[in-house]
Amino acid sequence: MLQRLQLTLILALGFLLIQPFTGFAVEDFRVSKYGSGEQIWFEAEAFDERDSADVYKLGKGEGALDPTEGAFGDIITNAGGQGWILYKFDISAADGKAGDWRFIVRAINPSNHSDWLWVLGDDGDEIPTDKPAFARPDHIILEENVPEWTWVRTGDFGSDGGTVNKLQDGENVMMIWTRQSSNQVQLDVICWSSDLDYEPTNEDYENAASGLTDVNPVGLLTTTWARLKQ
């Protein structure tokens, strides 16, 4: 029995060593407590899913658009057409609780080419595969003129639009669906804040604490070991 357990452990460790960790959707994020609430930050290129590689694309990584100077890493832009891009984030990593949170994005958008924002729980109980019936102003974001890098807190010419949403405890899912967006739009960093009045700065993002990655090697080892024993 002992030999079998030892063999299982060796196989499990070997399995971990040969796995490409990039296959487990490791994404960095940051957390902070500014103002009277909590924030979770992640870069726009750290998406989890998209319906097509032809619509929302990496600026530099996929040759869609050279990021404007001052971007934090790469950017996401709409290379043309209708589609969606999806992000998963866990507000418990920032000690956040369910309630109203504000979507804020560092962006360039000189011609107010807007999009729709969909949030699991607030806008529906299942992730949609077909475009939902969005309505202005409840779901509109980026209907703002921002010719240079700006932390955009509003969604419809100075009004909230679709930026304030009810998030759930733990993991949340957000989707950006095309409305008008084009490659004039550059999305750099996304921030969710439970302080609805919070106004981010570049320094706030730079000074935010690094969060945990999605991959937990201990948990992965436990899962792998259980599978091997079966």
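Quantities reported herein were computed from a predicted structural model and do not represent experimental measurements. (Residues numbered from 1 in each chain as written. Predicted model: local features only at pLDDT ≥ 70, side-chain atom pairs only at ≥ 80, totals over all residues. Heavy atoms only, no water.)

Chemist: I'd like to hear about the sheet that holds strand β3 (residues 49-50), residue by residue, with values.
Modeler: Ordered in space as β3-β6-β12-β8-β9, the five strands form an open sheet in which the pairing is antiparallel. The open sheet has two edge strands, β3 and β9 (140-141), and neither has a second partner. Pairing between strand β8 (residues 115-119) and strand β12 (residues 171-178): five bridges, direction antiparallel. Note on β12: the bridge partner recorded for L117 is I176. (Pairing = 2+ DSSP bridges. Helix = DSSP H or I, 4+ residues; strand = E, 2+ residues; numbered from the N terminus.)

Chemist: Summarise the pairing of β8; cite the residues concerned and give the values.
Modeler: For β8, the buried fraction is high: five of the five residues fall into the buried class. In this sheet, β9 lies alongside β8 in antiparallel orientation, the contact comprising two bridges. From the neighbouring strand, W116 faces β9, where its bridge partner is I140. (Buried < 20%, exposed > 50% of the residue type's maximum accessible area, 1.4 Å probe, protein only.)

Chemist: Help me get a handle on the environment of G80, residues and values and all.
Modeler: By the element assignment, G80 lies in the loop between β5 (76-78) and β6 (84-90). With 101 residues separating them along the chain, G80 and S181 place their C-alpha atoms 8.1 Å apart. Once you skip the residues sitting within four places of it in the chain, G80 turns out to touch D54 and V55. (Contact = heavy atoms within 4.5 Å.)

Chemist: I'd love a proper account of empty space enclosed by the protein, names of residues and values included.
Modeler: Scanning the model with the defined rule gives one cavity of 30 Å³ or more in all. Looking at the largest cavity, its volume works out to about 30 Å³. If you go around the largest cavity, the residues you meet are Y56, I76, T77, N78, D115, S181, V185 and L187. Per element, the largest residue contribution to the lining of the largest cavity is three residues, and it comes from β5. When the residues that make up the lining of the largest cavity are grouped by side-chain class, the tally is four nonpolar, three polar and one charged. (1 Å grid on protein atoms, 1.4 Å probe; cavity = no way out; pocket = protein on both sides within 12 Å on 5 of 7 lines; lining within 4 Å. Points joined across faces, edges and corners; volume = space filled by probe spheres on them. Nonpolar A, V, L, I, M, F, W, Y, C, P; charged D, E, K, R; others polar.)

Chemist: Pulling in residues and values, what's your account of the packing of aromatic side chains?
Modeler: Both the distance between ring centres and the angle between the ring planes are used here to describe each pair of aromatic rings. This structure, assessed with the given rule, holds 14 aromatic pairs. Centre to centre, the rings of W41 and Y205 are 5.6 Å apart; their planes meet at 45°, and the pair counts as tilted. Note that W41 is positioned in strand β2 (residues 39-43) and Y205 in helix α2 (residues 202-207), a separation of 164 residues in sequence. Both residues of the pair, W41 and Y205, belong to the buried class. Sitting over the face of the ring of Y205, R30 holds its NZ or CZ atom 4.3 Å from the ring centroid. (Phe/Tyr/Trp six-rings, centres within 6.5 Å; stacked < 30°, edge-to-face > 60°. Lys NZ or Arg CZ within 6 Å of the ring centre and 35° of its normal.)

Chemist: Requested: an account of the environment of F47, with residues and values cited.
Modeler: Note that F47 resides in the loop between β2 and β3. Each C-alpha atom of the pair F47 and K88 lies 7.7 Å from the other, and the pair is 41 residues apart in sequence.

Chemist: Go over the confidence of the model for the protein chain with me, naming the residues and quoting the values.
Modeler: On average, residues of the protein chain score 86 in pLDDT, and 80% of them are at 70 or above. Here residues 213-230 is modelled with pLDDT under 50, and outside its nearest four sequence neighbours on either side it reaches 25 contacts, counting other chains as well. (pLDDT = per-residue confidence, 0-100.)

Chemist: Residue-level account of the nonpolar core, with values.
Modeler: A general trend in soluble globular proteins is that nonpolar side chains are found buried together. Grouped together as the largest cluster of nonpolar side chains are 32 residues, with contacts concentrated most on I76, Y87, M174, L187 and W192. It is strand β7 (residues 99-109) that contributes the most residues to this core, four residues altogether. If sequence neighbours within four positions are ignored, M174 has contacts with F42, I85, L86, Y87, F89, F103, L117, W118, I190 and W192. (Core = buried A, V, L, I, M, F, W, Y, C linked by side-chain atoms within 4.5 Å.)

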